[in-house]
Amino acid sequence: MNSSCSGLSRVLLAVAIALVSACSPCPQAWGPPGVQYGQPGRPVMLCCPGVSAGTPVYWFRDKEPTLLQGPDSGLGHELVLAQADFTDEGTYLCHTPDGQLGGTVTLKLGSPPERPVVSCQASDYENISCTWSPSQVSGLPTHYVASYRKKLPGTGDQRVTLSTGQPCPQDLLRAARCVIYWAEFWSQYRINVTEVNPLGASSRVLDVSLQHILRPDPPEGLRVESVPGYPRRLHASWTYPSSWPQQPHFLLKFRLQYRPSQHPAWSTVEPIGLEEVITDAVAGLPHAVRVSARDFLDAGTWSAWSVEVWGTPSTGSLTNEIPDAGKLHTQLADSTGPPRPSLQPDPWPLDHRDPLEQMVVLVSLGIFSFLGLAAGALALGFWLRLRWGGKDAHQKPGFLASMIPVDKLPGTPDL
Ligand SMILES: *[C@@H]1O[C@H](CO)[C@@H](O)[C@H](O)[C@H]1NC(C)=O
Ligand SMILES: *[C@@H]1O[C@H](CO)[C@@H](O)[C@H](O)[C@H]1NC(C)=O
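Presented here is an overview of the structure given in this document.

About the cut-offs
Residues numbered from 1 in each chain as written. Chains lettered and ligands numbered in written order. Predicted model: local features only at pLDDT ≥ 70, side-chain atom pairs only at ≥ 80, totals over all residues. Heavy atoms only, no water. Salt bridge = Lys/Arg side-chain N within 4 Å of Asp/Glu carboxyl O. Helix = DSSP H or I, 4+ residues; strand = E, 2+ residues; numbered from the N terminus. Buried < 20%, exposed > 50% of the residue type's maximum accessible area, 1.4 Å probe, protein only. Near = heavy atom within 4 Å. Polar contact = N/O pair within 3.5 Å; in protein donor to acceptor, adjacent residues only side chain to side chain. Areas by Shrake-Rupley, 256 points an atom, 1.4 Å probe, with all protein chains shown as cover. Nonpolar A, V, L, I, M, F, W, Y, C, P; charged D, E, K, R; others polar. Core = buried A, V, L, I, M, F, W, Y, C linked by side-chain atoms within 4.5 Å. Domains from an automatic or database assignment. Contact = heavy atoms within 4.5 Å. Patch = residues over 30% accessible without salt bridge, like charges linked within 9 Å, V, L, I, M, F, W, Y side chains within 5 Å. Pairing = 2+ DSSP bridges. Axes fitted to C-alpha atoms, helices over the stretch in contact; angles between N-to-C directions. Disulfide = S-S within 2.5 Å.

### Re the pattern of salt bridges
And then number 1: This structure, assessed with the given rule, holds seven salt bridges.
And then number 2: A salt bridge links K151 to D207; the nearest nitrogen and oxygen atoms lie 3.0 Å apart. Placement of the pair is K151 in strand β10 (residues 143–151) and D207 in strand β14 (residues 200–209), with a sequence separation of 56 residues.
And then number 3: A relative accessible area of 34% means that D207 is categorised as partly exposed.
And then number 4: Across the pair R294 and D298 runs a salt bridge whose closest N-O atoms are separated by 3.9 Å.

### A short note on the site of ligand 2
And then number 1: With respect to spatial proximity, the complete set of residues near ligand 2 consists of N192, T194, S203 and V205.
And then number 2: A distance of 2.3 Å separates an oxygen atom of ligand 2 from a polar atom in the side chain of N192.
And then number 3: At 3.2 Å from an oxygen atom of ligand 2 is found a side-chain nitrogen or oxygen belonging to T194.
And then number 4: Bound to the protein, ligand 2 loses 40% of the 360 Å² it would expose on its own.
And then number 5: Contributing elements (two or more residues each) for the shell around ligand 2: β13 (188–197) and β14.

### With respect to the site of ligand 1
And then number 1: Residues in contact with ligand 1, as listed here, are D124, Y125, E126, N127, Y181, W182, S243 and P245.
And then number 2: Within the contact set of ligand 1, a nitrogen atom lies 2.8 Å away from a side-chain nitrogen or oxygen of E126.
And then number 3: Interatomic distance of 2.4 Å between a side-chain N/O atom of N127 and an oxygen atom of ligand 1.
And then number 4: A total of 360 Å² of accessible area belongs to ligand 1 in isolation, and the protein chains cover 63% of it.
And then number 5: In terms of residue class, the shell around ligand 1 is made up of four nonpolar, two polar and two charged.

### A short note on the nonpolar core
And then number 1: Counting residues in each nonpolar core, the largest one holds 42 residues, and the members touching the most others are I128, I180, Y189, I191, W238, L256 and V289.
And then number 2: Take this core: its biggest share by element is four residues, from strand β17 (residues 252–260).
And then number 3: Looking at this core, you find at least three residues from each of domain 2 (117–213) and domain 3 (220–355).
And then number 4: Setting aside residues no more than four positions away along its own chain, W238 makes contact with P219, E220, G221, L222, F254, L256, P271, G273, L274, E275, E276 and V291.

### What about a nonpolar patch on the surface?
And then number 1: Taken together, the side chains of M45, L75 and V80 make up a nonpolar region of the molecular surface, amounting to roughly 250 Å² of accessible area.
And then number 2: Mapped onto the fold, L75 is located in the loop between β4 (67–69) and β5 (78–81).
And then number 3: Owing to a relative accessible area of 41%, L75 belongs among the partly exposed residues under this scheme.

### Some points on the sheet that holds strand β20 (residues 287–295)
And then number 1: One open sheet accounts for four strands, arranged β18-β17-β20-β21; its pairing is antiparallel. Strands at the two margins of the open sheet, each flanked by one partner only, are β18 (267–269) and β21 (309–311). On average, adjacent strands in this sheet sit at an angle of 30° to one another, irrespective of strand direction.
And then number 2: With three bridges connecting them, β17 and β18 associate as antiparallel partners. Bridging from a neighbouring strand, L256 pairs with V269 of β18.

### Considering the state of the cysteines
Covalently bonding the sulfur atom of one cysteine to the sulfur atom of another cysteine gives a disulfide.
And then number 1: One pass over the full model with this rule turns up three disulfides.
And then number 2: For C48, the disulfide goes to C94, at an S-S distance of 2.0 Å. Taking the sign of the torsion about the S-S bond as the criterion, the disulfide between C48 and C94, at about 90°, is right-handed. On the criterion of sequence distance, the pair formed by C48 in the loop between β2 (44–47) and β3 (58–61) and C94 in strand β6 (residues 90–95) is long-range, its members being 46 residues apart. This pair shows no difference in class: C48 is buried, exactly as C94 is.
And then number 3: Paired by a disulfide, C120 and C130 hold their sulfur atoms 2.1 Å apart. Every disulfide takes its handedness from the sign of the S-S torsion; for C120 and C130 that torsion is 105°, giving right-handed. With C120 in strand β8 (residues 117–121) and C130 in strand β9 (residues 128–133), this residue pair connects regions lying 10 residues apart in the sequence.
And then number 4: We classify C130 as buried; its relative accessible area is 0%.

Honestly, it's all geometry; don't read function into it.
Set out below in C-alpha cells:
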C-alpha cells in the first residue's frame, strides 16, 4: 500500500516536472536562477518563468504598482524593453490574469564577450602552458573554453588540416591557465581560447610551437668562491633549473656575467658546463655574478638572469694561505653574510670538465676493465680446458667453478 502510493507520487512528480519544463521556455543556462541578461542600448526581452509562450501576462517592476505591460500588448508572455539602460536593471514580476502562474525575473546588463588576450610559455621541453585574461571586463558571469589541435606538418597555411581538437586541461588551482602536457617539440599547435558569457562567445586562436616559445627558468644554486692564492680569480658554479629535467637530448647552455662593484658594465662569458673560473677579476673588489640558460641548440630564448651573487677574490698570496690551503673561502647566495669556510678539501683545480662527463668516463672505464677481466678469465678457462680437458669427466665442474668467481674478483669494479 505504502509502496504503491509512493510509486504513484513519483509518477505524478515526473509528470509535473515535465509540464513545468514544457511551459518554462526561458533560457536558464547561466548564473543564479531567475537572472536574465541584456546589453545596454539594445532591446531586451524578459521571459516570464513558468508561463508558456503566447500566454498573456501582467508585468510589474518589483515594489512598484505601475503596470509595465498588460495582457493586451499582443507580445505574449515576454516583456519588451526597447532600449535597455542600467536603470532597467533589477527585479520584475509577471503573472497570468488569473494570478495562477508567474514568477520573478532579475535583469542584469553587461557586454558580450571579447576575444581574450592569450599567451603561451614553456619552461621545459614538453609542456606548453597558456594563460589568458579578458581584453574587456563584461561585468557578466564568464567562463573560458580552451582547446588545442596539432597542426599536421608539411601543409601550407590555407590547407592546414588539423587533427581533431581536444580540450586543453585547465588548472584547478590557478584559473585562466591550461597546460598542453607532453607536447611534441617540433610540432605546431593551434590553441583556441573562447570567452563565453550569457550574451555570446568570442574566440582567440594562437599558433605556437615549443621550439619557438621555449624559455627555461634561470639556473639555480649559483655560488661564487674565491680561489686561494689567486687574487684575480673567482670560481662560479650553478645547477640546472629544477623545472628542467635533464635528458641527453635536451641540454642547456649558459651565459655568465660578472662585474666589480661600482662598475656598471657587465663582462659576459659562455661557460662550458656548470662552472666557470673568472680570471680577470679586480683584486680586492667584490664582484656581482649572474647566469642565464638557453636550450643547447638555440631553440626559444635565453632565460631571465638568475639572482645576483657576490664574491670577492682571495686577498693575500698563496704563501700566506699555505697553513690553511686546504680550505676554500666560500660565499653563498648573498653578499650580506660573512664568508663561510667551505667543506671542500682541495683548492679549486682548474678542470673544466662537467661532472656528468667525468661520471660517463668513469663508468666506461669500469665497463672496459670488467670486459677485459672477463675476456682474460675466459681465455684462461679455455687454456685450462685445453690443458686438462681430455683427462677426466669430473674436471668439468671444476672448470665451471673456476669461472664463477670471476665476477667476484677483487679487482672488478662495482657497476
Ligand atoms: C611535463 O609535465 C608533466 C606533468 O606535470 C611532468 O611529469 C613532466 O616531467 C613535465 N615535463 C618536463 C620536461 O618537465
Ligand atoms: C574555438 O572554440 C570554440 C568553442 O569550442 C568553437 O566554437 C570555435 O569554432 C573554435 N574556433 C576555431 C577557429 O577553431
